Number of protein chains: 2
Amino acid sequence: MLYPRPLEALLYELEKLPGVGPKSAQRLAFALLRRDAQQNDDLAGAIRDVKAKIRPCENCGNYTDVEICDICASPKRENGLLCVVAEARDVLAIENSNEFFGRYHVLGGLFNPLEGVGPEQLKISEMIGRLGPEHVEEVILALSPTVEGETTGSLVARALEKHGVKVTQLARGLPFGGDLDYADQVTIAGALRGRRELG
Amino acid sequence: MLYPRPLEALLYELEKLPGVGPKSAQRLAFALLRRDAQQNDDLAGAIRDVKAKIRPCENCGNYTDVEICDICASPKRENGLLCVVAEARDVLAIENSNEFFGRYHVLGGLFNPLEGVGPEQLKISEMIGRLGPEHVEEVILALSPTVEGETTGSLVARALEKHGVKVTQLARGLPFGGDLDYADQVTIAGALRGRRELG
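Note that the structure is predicted; figures quoted are calculated from it, not measured.

Colleague: Can you walk me through the overall build of chain A in this structure?
Modeller: From N to C terminus, chain A includes eight helices and six strands. Helices and strands appear in chain A in the N-to-C order α-α-α-β-β-α-β-α-β-α-β-α-β-α. Its C-alpha atoms give chain A a radius of gyration of 22 Å, clearly above 16 Å, the size a compact globule of 199 residues would have. Along the longest, intermediate and shortest principal axes, the C-alpha atoms of chain A span 65 × 45 × 40 Å. Taking all 199 residues of chain A together, the buried fraction comes to 43%. Put simply, 46% of the contacts in chain A that link residues at least 6 apart link residues at least 24 apart.

Colleague: I'm lost on the domain arrangement of chain A in this one. Help?
Modeller: Quoted interface sizes are often the accessible area lost when the parts come together. Parsing chain A into structural domains produces domain 1 (5-53) and domain 2 (71-197). Averaged C-alpha coordinates put domain 1 of chain A and domain 2 of chain A at centres separated by 35 Å.

Colleague: Any chance you could explain the packing of aromatic side chains here in plain terms?
Modeller: What describes a pair of aromatic rings is the distance from one ring centre to the other and the angle between the planes of the rings. Evaluated as defined, the whole model comprises four aromatic pairs over all chains. Judged by centre distance (5.6 Å) and plane angle (20°), the rings of Y63(A) and F30(B) are stacked. With Y63(A) in strand 2 (residues 63-64) and F30(B) in helix 2 (residues 22-34), the pair connects residues from two separate chains. No difference in accessibility class separates Y63(A) from F30(B), as the two residues are buried. Ring plane angle 65° and centroid distance 5.2 Å describe the contact between F100(A) and Y104(A), whose orientation is recorded as edge-to-face. Here F100(A) falls in the buried class, since its relative accessible area comes to 10%.

Colleague: I tried to follow the pairing of strand 4 (residues 103-106) of chain B on my own but got confused; where do I start?
Modeller: The side chains of a regular strand alternate, residue by residue, between the two faces of the sheet. All names here are of chain B. Here strand 4 shows two buried faces, one formed by R103 and H105 and the other by Y104 and V106. The pairing of strand 3 (residues 81-85) with strand 4 spans four bridges and is parallel. For V85, the partnering residue across the bridge sits in strand 4 and is V106. Handedness of the β-α-β unit built from strand 3, helix 5 (residues 88-95) and strand 4 comes out right-handed.

Conventions used here
- Residues numbered from 1 in each chain as written.
- Chains lettered and ligands numbered in written order.
- Predicted model: local features only at pLDDT ≥ 70, side-chain atom pairs only at ≥ 80, totals over all residues.
- Heavy atoms only, no water.
- Helix = DSSP H or I, 4+ residues; strand = E, 2+ residues; numbered from the N terminus.
- Rg over C-alpha atoms; globule rule 2.2 N^0.38 Å.
- Buried < 20%, exposed > 50% of the residue type's maximum accessible area, 1.4 Å probe, protein only.
- Contact = heavy atoms within 4.5 Å.
- Domains from an automatic or database assignment.
- Phe/Tyr/Trp six-rings, centres within 6.5 Å; stacked < 30°, edge-to-face > 60°.
- Pairing = 2+ DSSP bridges.
- Right-handed = clockwise from strand over helix to strand, strands pointing away.

Laid out in structure tokens, this is it:
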């Protein structure tokens, strides 16, 4: 059976979203059909607006709807501490930890020559340009513990070599709530190397 | 950290959808941010259109974008066979089985006095009205095997009593691919009662 055309069109668009297969598209579509038209208009408006209104912060690359993002503009953030991340969404992950109060620098990806991301595509020179004006003393590499993340980390570290700043990276170890049984050998090796004295 | 306002608005709207929690709303929002603006416009348009263009078929209550749905209007569908379902989405589930070629009647819910669905809220009299004009000989009850489904089935069966039509219901039994081990006792009891001779 063919769906009525407007429903077919909606299913087609919904299935393009990540993690939405035919079954969940159908569930979403029927939920949209049952809701108030006003709610659907609000959702449609929000989807339309987000691309038009959100842009990268001109200083750090974080998502913002103004020129300079709230974090870069805030006088409450610690000066001298710069956290380097791959994507703007990583900023949120670190913010949610409530453990970091410096500023961020979004590289715009990870080094991946096969996908056309070379050192020139990453905002490394922009980061170097911030060191002086923002009196940066420590750069924290907060990149994914993958081959691409490690390579990108080395690139950034090399670029920072002659600028006299401390370069650190997030600790490797067991994730909270994870079962030791299920941890892979690289994670356990990293947790052993990074072990800390109690108390 | 506060998200930029347009992103916050999008997350708020996405989280209202069924099965979308904060984490998947975030994933969807970032995917929308990375896509072409055109794709987002298409999705927003489809969401807006669906409520405006889809309506219940005036004959059977199935979803349609015209007055009388394709199934009711098709001369290829078997006359005299009426399948009663609770919701319009159930029509799709049965159509997908490729086993039924009659017509449908959507009740618009299941009997549930606690949620304010009494016999008057269900389109039972509309169903009775179709029996004569469509020369209905058999009514198949395709309702969920739940307490509400059973009660609704009895209601419909009673309403049909004096109209001289055959009333049947979908077989109860083991679902395809299900493990006998995992089937509950009511399912097994139903499968035993409904057992069929092989060959």
